[in-house]
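Single-letter residue listing:
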Amino acid sequence: MKKMMKLLQPVPLGRLLPLLLALALLCGACVMPPAATEAPAATKVPAATEAPAATAVPAAAHPNIPFSEMAYERPDTDALTEKLNALIADAQAEGGGTDALLDRFDAALADFNAASSALSLCYVYYAHDVSDAYYRDEYAELLAALNRIDLLMTDAALALLERGDGLALARWGEDFAAAVEAGDKLNDEAIQPLLEQEQALVQEYDDLIASFVLEEDGRTYTMEQIVSVAAEDYEEYVRLYDAYTAQLNEQAGAIFLELLALRSDIAAKLGYGSYAAYGYDLYGRDFTVTDAQALHAAVKEHLAPLFQQYTLLAVYAERSMGERAYPLEEYFETLREVTADFSPLMREALDYMIDYGLYDFEANENKMEMSFTTYFSAYASPFMFTAWEDSMQNTSTVIHELGHFANYYHSPVDGWSVSSSLDLAEVDSQGFELLMMPYLPQLYGSDEVAEAAAISRLADALYAVVSGCMEDEFQQAVYADPDMTLEQMNALYRRLAEEYGLADLYGYTGTEWAMIPHTFQSPMYYISYATSMVAAFELWTLSLTDADAARTAYLNILQRGAYAKFRETLSANGLGDPLSPATIESIAAALS
């Protein structure tokens, strides 16, 4: 997750001094030298803190193929379509051996999963250069084809389950069968044209955000140029920043209004009252939009004020960091050392990524402005994507993504109708970020910088919870009112920014939401940053008194199996319910 906000105005130390004195105890537990694992006595730890013994998970097999040898070839989706149509007809007919039909389904399933792997590879090439028309169009066409084949896969699986002999259920298991039935309500032939229109609009936004510049009085400004103004003329920086977001909002907003209408139509055709509820089901969440609304309220009350305090403290702390570059090769070597100490499992995943070039860190002007980790099932290999510019922010991003990479490496949950909790996936990344805080002195080579980085990291973690709830509340409200105008959306966003404390800190005008790609590309995703960071905070709080228990709980979560439920998995590992206001109050107490 990338922060999308104005830089804070430099504040004279005299104005911050009372706050710093008040917060000295507040952050006493977050400035952590390498071996520190104990919190001050006053720190409150949530009641559920006992993690079970580490779970033994069989090692995943990897073919050791470098990324440079992975070639994209368009799958034969027409042939797969024909196979599935024939299988459906035979499965629905009376007679015939079910075992042979199941073998045919397994072969089609393997073909589908290979095609999905090719789609992931194609997306990496598209994201590397969004101006490349070949991969942009190829991705859109293959995605559309696989969406249609997904319907056939569902029809074939249901036909086999309904044959009445129980053989399909016996071979696949109840979890797979339940996932097939759940997936049946999430897709339909009637929405296929809408999905294709949706993808075209998303690509239109991708093109816009990759090339957008502010045009003013015959001049153009990139965001990088605007940021460079801040040190010399903060007021001019703010003026240009607001003008940039206003122009972008006008153009991106027009795209979003079309997406809003399309997505509302998709949800209606599938029997949903709101796209928000459909989006939650699409991600396989074990909580509802109503559950999330209770979380929104608790975060506003208990964590938003702390977010403001930690952020102001971080502004002061970051002054001690200085300007230092972090060359990639040097950082890799240090990261190898600290991950080996944290757990050989993390070191093994990192070595595999580096040794086989399973990452794209190149910075180029046409690269999609986001970081992610994906999985190529055809090669049993994860892949990390970001843009490395030798900054401290890059170092945090790689640690975040390494959590995802390690989960894919050790316990890949991939394939048609094989579900994996999105919220647990973000615990993999955000939990790892917070548990790596004792290693900051080694990563940054200075206790002083490490202390500042620790404060900054906790401020960022609070931002993840606060912004995750704010963006979710914004999208819930928008999708509940598909007739909302752009002006009304901007007013809503401004009001929410005030309620969550971002308006006071960053001077939000209400247009900034258009800078968040997830709103366009992955609707209703953002709440997972909040729920997973709540779990990550619980792991961090536990680590202050029992680092081994926190590490064990984290690694158990990392190595979960398919179909693991978010809240159930956290509870099994000694953590509280992340949707409970009581959990939020407990975290606030620990941070206070």
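Relevant structure appears above.
Everything numeric in this text was worked out from a predicted model, so none of it was measured.

1. With respect to the overall build of the protein
Reasoning step 1: Along the backbone of the protein there are 25 helices and five strands.
Reasoning step 2: The 592 residues of the protein split such that 56% are buried.
Reasoning step 3: Sequence separation of 24 or more characterises 80% of the internal contacts of the protein that already satisfy a separation of 6 or more.
Reasoning step 4: Element-wise, carbon and sulfur atoms account for 50% of the exposed surface of the protein, whose accessible area totals about 23900 Å².

2. Some remarks on unusual backbone geometry
Reasoning step 1: For N64, which is not glycine, the phi dihedral falls at a positive 60°.
Reasoning step 2: Within the element layout of this structure, N64 appears in the loop between helix 1 (13–23) and helix 2 (77–92).
Reasoning step 3: N64 gets classed as partly exposed once you look at its relative accessible area, which sits at 40%.
Reasoning step 4: Even without a glycine there, the phi angle at M524 is positive, about 70°.

3. Topic: the packing of helix 13 (residues 328–342) against helix 14 (residues 344–355)
The packing of two helices is summarised by the inter-axis angle and the distance between the axes.
Reasoning step 1: The interhelical angle for the contact between helix 13 and helix 14, taken along N-to-C directions, is 150°, at an axis separation of 6 Å. Put simply, helix 13 runs roughly antiparallel to helix 14. Where helix 13 abuts helix 14, its residues F332, L335, R336, E337, T339, A340 and F342 lie against P344, M346, R347, L350, D351, M353, I354 and D355.
Reasoning step 2: In terms of residue class, the contact of helix 13 with helix 14 is built from nine nonpolar, one polar and five charged.

4. As for the packing of aromatic side chains
Reasoning step 1: One pass over the structure, following the stated rule, counts 50 aromatic pairs.
Reasoning step 2: Ring plane angle 15° and centroid distance 5.3 Å describe the contact between Y375 and Y408, whose orientation is recorded as stacked. Highlighted residues: Y375 in strand 4 (residues 372–376) and Y408 in helix 15 (residues 392–410), separated in sequence by 33 residues.
Reasoning step 3: What makes Y375 buried here is its relative accessible area of 8%.
Reasoning step 4: Connected via pairs of aromatic rings, a cluster forms that spans Y205, F256, Y272, Y275, Y278, F474, Y479, Y493, Y506, Y508, W513 and F520.
Reasoning step 5: The residue whose ring lies beneath R285 is Y280, and the NZ or CZ to ring-centre distance is 4.6 Å.
Reasoning step 6: Positioned over the ring face of F385 is K367, at 4.5 Å from the centre of the ring.

5. Observations concerning the environment of A340
Reasoning step 1: Assignment of secondary structure puts A340 in helix 13.
Reasoning step 2: Spatially, the C-alpha atom of A340 lies 9.5 Å from that of L350, the residues being 10 residues apart in sequence.

6. Quick notes on the sheet that holds strand 5 (residues 381–385)
In sheet architecture, strand pairing relies on hydrogen bonds along the backbone and comes in two forms, parallel and antiparallel.
Reasoning step 1: A sheet is described by the order of its strands in space; here three strands give the open sequence 3-5-4, paired in mixed fashion. Two strands close off the open sheet at either side, each with one partner strand: strand 3 (359–360) and strand 4.

7. Structural notes on the side chain of N407
Reasoning step 1: Counting through the fold element by element, N407 comes out in helix 15.
Reasoning step 2: Judged by relative accessible area, N407 falls into the buried class, the value being 8%.
Reasoning step 3: Once you skip the residues sitting within four places of it in the chain, N407 turns out to touch P412, D428, L558 and R560.

8. Focus on the nonpolar core
Reasoning step 1: Core analysis: the largest hydrophobic core is formed by 205 residues, its most contacted members being F105, L303, L335, L502 and F537.
Reasoning step 2: Ranked by the residues each element gives to this core, the list is headed by helix 18 (residues 447–480), at 19 residues.
Reasoning step 3: Setting aside its immediate chain neighbours within four residues, L303 contacts A298, L462, V465, V466, I584, I587, A588 and L591.

9. Here we look at the pairing of strand 4
Consecutive side chains along a regular strand alternate between the two faces of the sheet.
Reasoning step 1: Most of strand 4 sits out of view: five of its five residues are buried.
Reasoning step 2: Both strand 4 and strand 5 contribute to a ladder of five bridges, which runs antiparallel. Opposite F372, over in strand 5, you have F385 as the bridge partner.
Reasoning step 3: Where strand 4 hands over to strand 5, the hairpin turn is made up of four residues, of which A380 adopts a positive phi near 50°.

10. A word on the packing of helix 14 against helix 15
Reasoning step 1: Here helix 14 crosses helix 15 at 95°, and the two axes come no closer than 9 Å. In terms of orientation, helix 14 and helix 15 fall into the roughly perpendicular class. From helix 14, L345, M346, E348, A349, L350, Y352 and M353 reach across to helix 15, where they touch L402, G403, F405, A406, Y409 and H410.
Reasoning step 2: Grouping the amino acids of the contact of helix 14 with helix 15 by side-chain chemistry returns 10 nonpolar, two polar and one charged.

11. Topic: the pairing of strand 5
Reasoning step 1: Burial within strand 5 is extensive, with five of its five residues counted as buried.
Reasoning step 2: Burial along strand 5 is two-sided: the residues S381, F383 and F385 and P382 and M384 are all buried.
Reasoning step 3: Inspection of the sheet shows strand 3 paired to strand 5 by two bridges, in the parallel sense. Within strand 5, the residue paired with Y359 across the bridge is M384.

12. Thoughts on the layout of surface pockets
Empty space left among the atoms is revealed by rolling a probe the size of a water molecule over them.
Reasoning step 1: There is about 240 Å³ of room inside the second largest pocket.
Reasoning step 2: Lining of the second largest pocket is provided by 18 residues; of these, P75, D76, D111, A114 and A115 occupy positions nearest its centre.
Reasoning step 3: Within the residue set of the lining of the second largest pocket, elements represented by two or more residues are helix 2 and helix 3 (98–128).
Reasoning step 4: Residues belonging to the lining of the second largest pocket are distributed by class as follows: 12 nonpolar, two polar and four charged.

13. With respect to a negative patch on the surface
Reasoning step 1: Where like charges cluster on the molecular surface, the negative patch consists of D155, E162, E181, D184 and D188.
Reasoning step 2: On the secondary structure map, E181 appears in helix 6 (residues 174–184).

14. Side note on the environment of Y326
Reasoning step 1: Structurally, Y326 can be placed in the loop between helix 12 (304–318) and helix 13.
Reasoning step 2: Take Y326: its relative accessible area is 5%, and that puts it in the buried class.
Reasoning step 3: For the pair Y326 and T395, spaced 69 residues apart in the sequence, the C-alpha separation amounts to 7.9 Å.
Reasoning step 4: Excluding anything up to four places from it in sequence, Y326 contacts W388, D390, S391, M392, T395, L443, Y444 and V449.

15. Re helix 14
Reasoning step 1: Over its 12 residues, helix 14 extends 16 Å from the first C-alpha to the last, a length consistent with the 16 Å expected when each residue adds 1.5 Å.
Reasoning step 2: All of the buried residues in helix 14 are M346, A349, L350, D351, Y352, M353 and I354.
Reasoning step 3: Residues of helix 14 that are buried sit in contact with helix 13, strand 3, strand 5, helix 15, helix 16 (422–435) and helix 23 (547–558).
Reasoning step 4: Looking one or two places after helix 14, you find G357, whose phi comes out positive at around 60°.

16. Focus on the pattern of salt bridges
Reasoning step 1: Tallied over the entire structure, the rule returns 31 salt bridges.
Reasoning step 2: Among the salt bridges present, the one from D351 reaches R347, with a minimum N-O distance of 2.9 Å. Taken together, the residues D351 and R347, both in helix 14 and four residues apart, mark about one turn of the helix.
Reasoning step 3: A relative accessible area of 19% places D351 in the buried class.

What counts and what doesn't
- Residues numbered from 1 in each chain as written.
- Predicted model: local features only at pLDDT ≥ 70, side-chain atom pairs only at ≥ 80, totals over all residues.
- Heavy atoms only, no water.
- Helix = DSSP H or I, 4+ residues; strand = E, 2+ residues; numbered from the N terminus.
- Buried < 20%, exposed > 50% of the residue type's maximum accessible area, 1.4 Å probe, protein only.
- Contact = heavy atoms within 4.5 Å.
- Areas by Shrake-Rupley, 256 points an atom, 1.4 Å probe, with all protein chains shown as cover.
- Axes fitted to C-alpha atoms, helices over the stretch in contact; angles between N-to-C directions.
- Parallel < 35°, antiparallel > 145°, perpendicular 65-115°, else oblique.
- Nonpolar A, V, L, I, M, F, W, Y, C, P; charged D, E, K, R; others polar.
- Phe/Tyr/Trp six-rings, centres within 6.5 Å; stacked < 30°, edge-to-face > 60°.
- Lys NZ or Arg CZ within 6 Å of the ring centre and 35° of its normal.
- Pairing = 2+ DSSP bridges.
- Core = buried A, V, L, I, M, F, W, Y, C linked by side-chain atoms within 4.5 Å.
- 1 Å grid on protein atoms, 1.4 Å probe; cavity = no way out; pocket = protein on both sides within 12 Å on 5 of 7 lines; lining within 4 Å.
- Points joined across faces, edges and corners; volume = space filled by probe spheres on them.
- Patch = residues over 30% accessible without salt bridge, like charges linked within 9 Å, V, L, I, M, F, W, Y side chains within 5 Å.
- Salt bridge = Lys/Arg side-chain N within 4 Å of Asp/Glu carboxyl O.
- Lys, Arg positive; Asp, Glu negative; His and termini not counted.
- Charge placed at Lys NZ, Arg CZ, Asp CG, Glu CD.
- Expected span 1.5 Å × (residues − 1).

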